[in-house]
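Summary of the model geometry
Residues per chain, in single letters:
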Amino acid sequence: MNYDLDKFGLSEEELFSPVDNSSLESEKITAPRYSYWHSVFRVFFKKKINIAVLCLLGVILLMTYVYPLFVEYDRFANLMNGATKHLSPSKALRQLGFNIHWILGSGASGQSTFDAVWFGSRISVSLAFICALINLSVGVIVGSIWGFSKKVDVFMMEVYNIIGNIPYVLLISVLVLIFSPSFWTMVFALTVTGWLAIAYFIRTQVVIIRDREYNLASKCLGTSIFRIAMKNILPFMTSVIVTLAATEIPSYISYEVFLAYIGMGLSDMSLGRLIYEAEGAMLTPGWGFEFWSPVVVASIITVVLYVVGQNLGDASDPRTHM
C-alpha cells in the first residue's frame with residue numbers, strides 16, 4: 001500500500017530519523033519481570049483449601065497469642081469453691097453464667113478449661129517455633145557447608161554416625177532429667193542434636209544438585225561457589241526447607257506433649273502438662289472435656305501447621321511455576 005507523505009507537510013528529516021543500534025540493548029529480555037515469591041503465593045492461593053486452612057491457622061494463632069493478653073487467667077481462683085470443679089460445659093454455663101470462658105467446662109481446680117487450653121497453647125507453640133527456627137537455621141547452614149566441602153564431609157559423617165544412632169527421645173529425656181524441666185531447658189534438649197538430621201538431609205540434597213551439568217559448567221566458567229549456591233541451588237532448596245519446616249514445627253509440639261504426658265515435660269502449664277494433669281478425668285463420666293479439649297487443640301494445631309507448610313512447600317517448588 002502506497003502513502004502520500006506530502007499531505008503531512010513535513011520534511012524528510014522530520015519524517016525519518018536514524019535509530020541507534022546497540023548490541024547490548026538487543027540482548028535485553030523484554031518479558032515481564034518475574035518475582036519468585038509472587039509466583040509462589042499465586043500458586044498457593046490458587047487452591048481454595050489452602051485459603052481455608054490458612055484462615056484456620058490465623059484464628060489459632062490469634063487465640064494463642066492475642067486472647068491471653070486480654071484475659072486474666074488464674075487456675076487457682078476457684079480452688080476453695082467445690083461447686084465449680086469438674087463441671088461439664090452445660091453445667092458450667094448454667095451455674096457460672098453464659099460466658100466464653102466456660103464453653104469447655106471447668107477443671108480440677110475450678111479453672112476455665114477454655115482459658116487453660118489457650119494459655120497452654122501459647123507455651124507449646126512458642127516452644128515449637130523457637131526450636132524449629134534454631135534447628136532449621138543451624139541445620140541448613142551446616143548441611144550446605146557439609147555438602148560442598150569434602151573435608152567437612154569426612155568429619156561430619158563420623159559425627160552423624162555416632163550421634164545419629166542415639167534415640168532422640170531418650171536423649172531428650174536424659175537432658176530433661178539432668179536439668180530442671182523449664183522452657184529453655186526443653187529448648188536446649190530439643191535443639192542440642194535436633195539440627196543434625198536436618199543438616200544430613202540438606203547435605204544430601206546439596207550433593208545431588210551440586211553435581212548437575214549446569215553447575216559444573218558454571219564452575220568451569222569461573223563462577224564463584226557462593227554465586228552458584230545462591231543462584232543455582234537455593235531456588236531448588238527453598239521448597240525442601242519449607243517442607244522440612246512443615247514437619248519440624250508440629251513434631252516439637254508432639255515431643256513436648258509426649259514428654260509431659262509421661263511426667264517429664266515442662267513445669268509450666270503447657271498443652272502437654274494439661275493433658276498429663278487431666279489424665280484421670282479421661283474415663284470419668286462428665287469430666288472428659290478436661291482431657292480431650294487440650295488433646296483436640298494440640299491435634300488441630302499440629303495438623304494445620306503441617307498442611308499449611310506442606311502446601312506452601314509444594315508451591316515453592318519452581319517446577320510448579322511452569
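For the structure itself, look to the data block above.
Residues numbered from 1 in each chain as written. Predicted model: local features only at pLDDT ≥ 70, side-chain atom pairs only at ≥ 80, totals over all residues. Heavy atoms only, no water.

Quick look at the overall build of the chain
- Secondary structure assignment for the chain yields 14 helices and zero strands.
- Beginning at the N terminus, the succession of helices and strands in the chain can be written as α-α-α-α-α-α-α-α-α-α-α-α-α-α.
- Taking all 322 residues of the chain together, 39% fall into the buried category.
- Accessible surface, the chain as shown: approximately 19000 Å² in total, 66% of it carbon and sulfur. (Helix = DSSP H or I, 4+ residues; strand = E, 2+ residues; numbered from the N terminus. Buried < 20%, exposed > 50% of the residue type's maximum accessible area, 1.4 Å probe, protein only. Areas by Shrake-Rupley, 256 points an atom, 1.4 Å probe, with all protein chains shown as cover.)

So, the packing of helix α11 (residues 213-220) against helix α12 (residues 225-261)
- Put simply, α11 and α12 touch, their axes get as near as 10 Å, and they point 165° apart. In terms of axis orientation, α11 runs roughly antiparallel to α12. For α11 against α12, the interelement crossing comes out right-handed. Of the residues in α12, those in contact with Tyr214, Asn215, Ser218 and Lys219 of α11 are Ile225, Ile228, Asn232, Ile233 and Phe236.
- Here the contact of α11 with α12 is composed, by residue class, of five nonpolar, three polar and one charged. (Axes fitted to C-alpha atoms, helices over the stretch in contact; angles between N-to-C directions. Parallel < 35°, antiparallel > 145°, perpendicular 65-115°, else oblique. Left-handed = near helix turned anticlockwise from the far one by under 90°. Contact = heavy atoms within 4.5 Å. Nonpolar A, V, L, I, M, F, W, Y, C, P; charged D, E, K, R; others polar.)

Some remarks on the packing of aromatic side chains
- By the definition in use, this model includes 12 aromatic pairs.
- Cluster of aromatic residues (ring-pair linked, three or more members): Phe41, Phe44 and Phe45. (Phe/Tyr/Trp six-rings, centres within 6.5 Å; stacked < 30°, edge-to-face > 60°.)

Quick notes on the nonpolar core
- By size, the foremost hydrophobic cluster in this structure holds 41 residues, and its most contacted members are Trp118, Leu127, Met186, Leu190, Ile253 and Ile301.
- Listed in part, the 12 residues of the second largest apolar core include Ile202, Ile209, Ile233 and Val240. (Core = buried A, V, L, I, M, F, W, Y, C linked by side-chain atoms within 4.5 Å.)

Things to note about the packing of helix α6 (residues 113-148) against helix α10 (residues 194-210)
- Running from N to C, α6 and α10 cross one another at 40°; their axes reach a closest spacing of 7 Å. Classified by the angle between their axes, α6 and α10 sit oblique to one another. Crossing of α6 against α10: the hand is right-handed. Of the residues in α10, those in contact with Asn135, Leu136, Val138, Gly139, Val140, Val142, Gly143, Ser144, Trp146, Gly147 and Phe148 of α6 are Gly194, Trp195, Leu196, Ile198, Ala199, Tyr200, Ile202, Arg203, Val206, Val207 and Arg210.
- Counted by class, the contact of α6 with α10 contains 14 nonpolar, six polar and two charged residues.

Observations concerning the pattern of salt bridges
- Per the stated rule, a full pass over the model turns up two salt bridges.
- As a salt-bridge pair, arginine 203 and aspartate 153 come within 3.0 Å of each other at their nearest N and O atoms. Of this pair, arginine 203 sits in helix α10 while aspartate 153 sits in helix α7 (residues 150-163), and the two are 50 residues apart along the sequence.
- Its relative accessible area of 17% is what places arginine 203 among the buried residues.
- Residue aspartate 153 is classed as buried on the basis of its relative accessible area, which comes to 18%. (Salt bridge = Lys/Arg side-chain N within 4 Å of Asp/Glu carboxyl O.)

Some remarks on a nonpolar patch on the surface
- A surface patch of nonpolar side chains, about 530 Å² in accessible area, is lined by Leu170, Val174, Ile178, Phe179, Phe188 and Val192.
- With three residues, helix α8 (residues 168-178) is the single largest residue contributor to the nonpolar patch.
- With respect to the element layout, phenylalanine 179 can be found in the loop between α8 and α9 (183-191). (Patch = residues over 30% accessible without salt bridge, like charges linked within 9 Å, V, L, I, M, F, W, Y side chains within 5 Å.)

Thoughts on the environment of leucine 177
- Mapped onto the elements, leucine 177 comes out in helix α8.
- A C-alpha to C-alpha distance of 7.5 Å links leucine 177 and methionine 264, two positions 87 residues apart in sequence.

Overview of the side chain of glutamate 256
- Looking at the element boundaries, glutamate 256 is found in helix α12.
- Although glutamate 256 is buried, it forms no salt bridge, and the closest oppositely charged side chain is arginine 273 at an N-O distance of 8.3 Å.
- Not counting residues up to four positions away in its chain, the partners in contact with glutamate 256 are Ser124, Leu127, Leu266, Ser270, Leu271, Gly272 and Arg273. (Lys, Arg positive; Asp, Glu negative; His and termini not counted.)

Notes on the environment of isoleucine 123
- The topology assignment puts isoleucine 123 in helix α6.
- Considering only alpha carbons, one finds isoleucine 123 and serine 270, 147 residues apart in sequence, at a separation of 5.5 Å.
- Those residues in contact with isoleucine 123 that lie beyond four places of it in its chain are Phe183, Leu266, Asp268, Met269 and Ser270.

Any link to function would need more than the numbers given here.
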